[in-house]
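# Reading the structure
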Amino acid sequence: MSADIAWQVIRNNSALLVKRKNIDKAFSTERFNLTKTNSRRYNGFVNNKAVAVEFVKRGVPQIVLKRSREQSKPASSLVVKPLNKTNGRRARVTVQRIVSGYRPSLAMVAQRKVSQLLRSLRPKRTTPHSKITAEEVAGSTAI
Amino acid sequence: MAARPLVTVYSEKNEATPTQVKLPAVFRAPIRPDVVSFIHDQISRNKLQARAVSTEAGKQSSAESWGTGRAVARIPRVRGGGTHRSGQGAFGNMCRGGHMFAPLKVWRRWHRRVNVAQKRYAITSAIAASGMPALVQARGHVIDQVAEIPFVVSDKVEAFRKTKEAVAFLRRAHLWADIEKVYNSKRYRAGVGKMRNRRYKQKLGPLVIYGQDAGVARAFRNIPGIDVLNVERLNLLKVAPGGHLGRLVIWTESAFKKLDAIYGTQSAPSELKKGFVLPTAKMANPDFTRIVRSEEVVKAVRPARKAAAAPKVHRNPLKKFALMKTLNPYAAVIREAAHKKQKA
């Protein structure tokens, strides 16, 4: 039925709602929630159109969309689009194209999510960047 | 009113049969979590057993006040001597070993009468909620692979006699994931209930609602988390456990077909519940987005004001290299050299 009614039921309690002390904006761990915050816009259950950007296995992202029609048939209501791209820029562009044609308001967030996922795979920098000044450069390349 | 689509009946092997049933009108009843929560709370009090303190607790003492003039408080004190107890205060709620304030009595009003109409409203709301996949998932059920919500199965399920058949059916229907959730949730209860025969707690799984019991109750009852109900005697405490909407329900075909007779439709009152007509919602069309985007509203509304030009966000060139390059093209050279130095 109505997404708005469903939201009114779920907004304050649900199995995947995470409320914590001193945190005003609750989290919500549904699969189809892009930001994992509890909000009408990003909720994964209530919206007919929702996007999930996740890893299939480590390093292989995929994007899953909900078919906006058959909401009463959970088994056949998802469209999975694997992203066989480990390059963040390529993945982001693909995601942008897919999601802006599907639910434009989520496009930005989806791109951010996929970039975040792929960036988390890159090894963390343990040693700081080495610094160099313009004088050193000029000195080293002086003819 | 709201549309009533056709629901496919699935065989006990989870194959779609050609039979399709029109969605019973109950599923379009207004969803009222406030009503369901309140009525659930009221009804659940009806199973309470009286508890009280003993009538003589704290009163079985011959203590008497010492009166004034003895430099002690005027509370009644225990007579006699030769023991620590002598001279101690007695009887008051503030005294150790005295009676409590307002001793609990068994004649407290434990149970609640609930109006029949309210009970019926609550149950129709709960049934309607069980037909919304969003609410069923939000309650925590695992329904990702379930073929359809509401899930209607052929009447062969009613004739199951062995738990084995029931388990095989649940596995085939992709409902076993919900049962596994129940298995994984079994844990010790916190508190003294542990030693009062309530040692374990676990989540609830699906609810099986049948039209006629030819063995189904016995086949399913031993599977953890499962409850079994006859469609003519639905229990709000099982359809909306905890007062929360959206329990996963498995309907048998005959149970599903009986719903229109039991609860009535928009045009016909109930055949089995005297004088009962399905509740109507306050809003015929609760879809806010559609209302706001509808032709009538858009035509009547003035055009949106252009938002004030967003202030240009000042980004930090030290953090945003692309910006640094436009300010100082030599920065690219420096960075390249720094990278080379890093590698060296």
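Residues numbered from 1 in each chain as written. Chains lettered and ligands numbered in written order. Predicted model: local features only at pLDDT ≥ 70, side-chain atom pairs only at ≥ 80, totals over all residues. Heavy atoms only, no water.

### Looking at helix α12 (residues 330–343) of chain B
Residues and elements named next belong to chain B. Keep this limit in mind: Each helix is a run of DSSP H or I of at least 4 residues and each strand a run of E of at least 2, with the numbering of both proceeding from the N terminus. An expected span of 1.5 Å times one less than the residue number is assigned to each helix. Buried, partly exposed and exposed residues are distinguished by accessible area as a fraction of the type maximum, computed with a 1.4 Å probe on protein chains only: under 20%, between the cut-offs, and over 50%, respectively. By construction, the arc corresponds to the directions joining the helix axis to the C-beta atoms.
Look at α12: 20 Å from first C-alpha to last across 14 residues, which is about the 20 Å you get at 1.5 Å a residue. Within α12, burial applies to Ala331, Ile334, Ala337 and Ala338. Projected onto a plane normal to the axis of α12, the buried residues spread over an arc of 125 degrees and lie on a single side. Facing away from the buried side of α12 by over 90 degrees, the exposed positions are Lys340 and Lys343.

### Topic: helix α2 (residues 88–100) of chain A
Residue and element names in this part refer to chain A. For the record, the criterion: What makes two residues a contact is simply this: any of their non-hydrogen atoms within 4.5 Å.
Spanning 13 residues, α2 covers 18 Å between terminal C-alpha atoms, matching the ideal 18 Å at 1.5 Å per step. Burial in α2 covers these residues: Ala91, Thr94, Val95, Ile98 and Val99. When α2 is viewed along its axis, its buried side chains cluster within an angular range of 120 degrees and face the same direction. Away from the buried face of α2 by more than 90 degrees, exposed residues Arg89 and Arg97 are located. Along its buried surface, α2 packs onto β3 (51–57), β4 (60–66), β5 (78–82) and α3 (107–119).

### Thoughts on the packing of aromatic side chains
Selection criterion: Note on aromatic pairs: the rings of Phe, Tyr and Trp (six-membered ring only in Trp) are paired at centre separations within 6.5 Å, and the planes decide the class, stacked below 30 degrees, edge-to-face beyond 60, tilted for the rest. By definition, being over a ring means that NZ of Lys or CZ of Arg is both within 6 Å of the ring centre and within 35 degrees of the ring normal.
For the structure shown, the criterion picks out ten aromatic pairs over all chains. With a centroid separation of 5.6 Å and an interplanar angle of 45 degrees, the aromatic rings of Phe27 of chain B and Phe256 of chain B are classed as tilted. Note that Phe27 of chain B is positioned in the loop between β2 (16–22) and α1 (33–44) and Phe256 of chain B in helix α8 (residues 253–263), a separation of 229 residues in sequence. Across this residue pair, the class does not change: Phe27 of chain B and Phe256 of chain B are buried. An aromatic cluster of at least three residues, connected via ring pairs, comprises Phe27, Trp251 and Phe256 of chain B. Above the face of the Tyr102 of chain A ring, Lys49 of chain A is positioned so that its terminal group lies 5.6 Å from the ring centre. Across the ring face of Phe321 of chain B, the terminal group of Arg335 of chain B is positioned such that the distance to the ring centre comes to 3.8 Å.

### Describing the pattern of salt bridges
All names here are of chain B. Threshold: Only one rule defines a salt bridge in this text: a Lys or Arg side-chain nitrogen within 4 Å of an Asp or Glu carboxyl oxygen.
The full count for this structure, using the stated rule, is 14 salt bridges over all chains. The shortest N-O distance in the salt bridge between Asp227 and Arg247 comes to 2.9 Å. One end of the pair, Asp227, is in strand β9 (residues 227–230); the other, Arg247, is in the loop between α7 (236–239) and β10 (249–252), and 20 residues separate them in sequence. Given the relative accessible area of 16%, Asp227 is considered buried. In this structure, Glu232 and Lys258 form a salt bridge, with 3.2 Å as the shortest nitrogen-oxygen distance. A residue pair is termed long-range when its members are at least 10 positions apart, and Glu232 in the loop between β9 and α7 and Lys258 in helix α8 qualify at 26 residues. The class for Lys258 is partly exposed, based on a relative accessible area of 27%.

### What about the pairing of β2 of chain B?
Consecutive side chains of a regular strand alternate in pointing toward one face of the sheet and then the other. Residue and element names in this part refer to chain B. Applied cut-off: When DSSP locates at least two bridges between a pair of strands, those strands are taken to pair.
Across four bridges, the pairing between strand β1 (residues 6–10) and β2 is antiparallel. Considered in β2, the bridge of Thr8 is made with Gln20. Counted along the chain from β1 to the antiparallel partner β2, the turn is five residues long, and its residue Asn14 has a positive phi close to 65 degrees.

### Observations regarding the nonpolar core
Residues and elements named next belong to chain B. For clarity, the cut-off: Residues belong to one nonpolar core when they are buried, are Ala, Val, Leu, Ile, Met, Phe, Trp, Tyr or Cys, and are joined through side-chain atoms within 4.5 Å.
Ile209, Leu236, Trp251, Phe256 and Tyr263 are the most contacted members of the largest nonpolar core, which totals 50 residues. Top contributing element to this core by residue count: helix α2 (residues 116–130), with six residues. Beyond its immediate sequence surroundings of up to four residues, Leu236 is in contact with Val36, Ile39, His40, Ile43, Ala122, Ile123, Ala126 and Pro241. Judged by nonpolar contacts, the second largest core, of 27 residues, contains Ile149, Leu175, Val208 and Ile226.

### Re the sheet that holds strand β5 (residues 151–153) of chain B
All names here are of chain B. Heads up, the condition is: Note on method: axes are straight lines fitted to C-alpha atoms, helices fitted across the in-contact stretch only, with angles between N-to-C directions ranging 0 to 180 degrees.
Overall, mixed pairing links the six strands, which are arranged β2-β1-β5-β10-β8-β9 in an open sheet. Pairing within the sheet leaves two strands with one partner each, and these edge strands are β2 and β9. Each strand axis lies, on average, 30 degrees off the axis of its neighbour in the sheet, ignoring direction. Examined bridge by bridge, strand β8 (residues 207–210) and β10 share three bridges and lie parallel to one another. Paired with Val208 across the strands is Ile250, a residue of β10. Across the sheet, α8 touches β1, β2, β5, β8 and β10, and the angle it forms with β10 is around 90 degrees.

### Here's the deal with the environment of Asn38 of chain A
Residue and element names in this part refer to chain A. Threshold: Pairing of N or O atoms within 3.5 Å defines a polar contact, subject to two protein rules: one partner must be a possible hydrogen donor and the other a possible acceptor, and residues neighboring in sequence count only if both atoms are side-chain atoms.
Positionally, Asn38 belongs in the loop between β2 (27–28) and β3. In the structure, Asn38 is positioned 51 residues away from Arg89 in sequence and 28 Å away in space, judged by C-alpha atoms. Not counting residues within four places of it along the chain, the set of residues in contact with Asn38 comprises Trp7, Arg11, Leu17, Lys25, Ala26, Phe27, Ser28 and Asn43. A distance of 2.9 Å separates a polar side-chain atom of Asn38 from the backbone oxygen of Arg11.

### Topic: the interface of chain A and chain B
Operational definition: By the convention adopted, Pro, Cys, Tyr, Trp, Phe, Met, Ile, Leu, Val and Ala count as nonpolar, Lys, Arg, Asp and Glu as charged, and the other residues, Gly among them, as polar.
With 30 residues of chain A in contact, the opposing surface of chain B contributes 33 residues. In this assembly, chain A and chain B are joined by two salt bridges. Here chain A and chain B share six residue pairs in polar contact (both at pLDDT 80 or more) between them. Broken down by secondary-structure element, the contributors of at least two residues to the side of chain A that touches chain B are α1 (3–10) and α4 (134–140) of chain A. Per-element tally for the side of chain A that touches chain B: the top contributor is α1 of chain A, with five residues. Looking at the side of chain A that touches chain B residue by residue, the class counts come to 16 nonpolar, eight polar and six charged.

### Concerning the UniProt feature "domain: Large ribosomal subunit protein uL4 C-terminal" (unreviewed entry) in chain B
Worth spelling out the cut-off: UniProt positions are given in the numbering used here, feature names are shortened, and annotations may be inferred rather than shown by experiment.
The positions that UniProt labels "domain: Large ribosomal subunit protein uL4 C-terminal" (unreviewed entry) are, in the present scheme, residues 274–343 of chain B. Helix makes up 47% of residues 274–343 of chain B and strand makes up 0%, while its end C-alpha atoms are separated by 86 Å.

### Regarding the packing of α1 of chain B against α2 of chain B
Geometry of a packed helix pair, given as the angle between the helix axes and the separation of the axes. Residues and elements named next belong to chain B. Our working definition: Roughly parallel means an angle under 35 degrees; roughly antiparallel, over 145; roughly perpendicular, 65 to 115; everything else is oblique. Each crossing gets its handedness from the near helix: less than a right angle anticlockwise from the far helix is left-handed, clockwise is right-handed.
One way to put it is that α1 packs onto α2 with a least axis distance of 9 Å and a crossing angle of 125 degrees. On the basis of their axis angle, the class for α1 and α2 is oblique. Considering the relative orientation of α1 and α2, their crossing is left-handed. Side by side, α1 and α2 meet where Val35, Val36, Ile39 and Ile43 of the first sit next to Gln118, Lys119, Tyr121, Ala122, Ser125 and Ala126 of the second.

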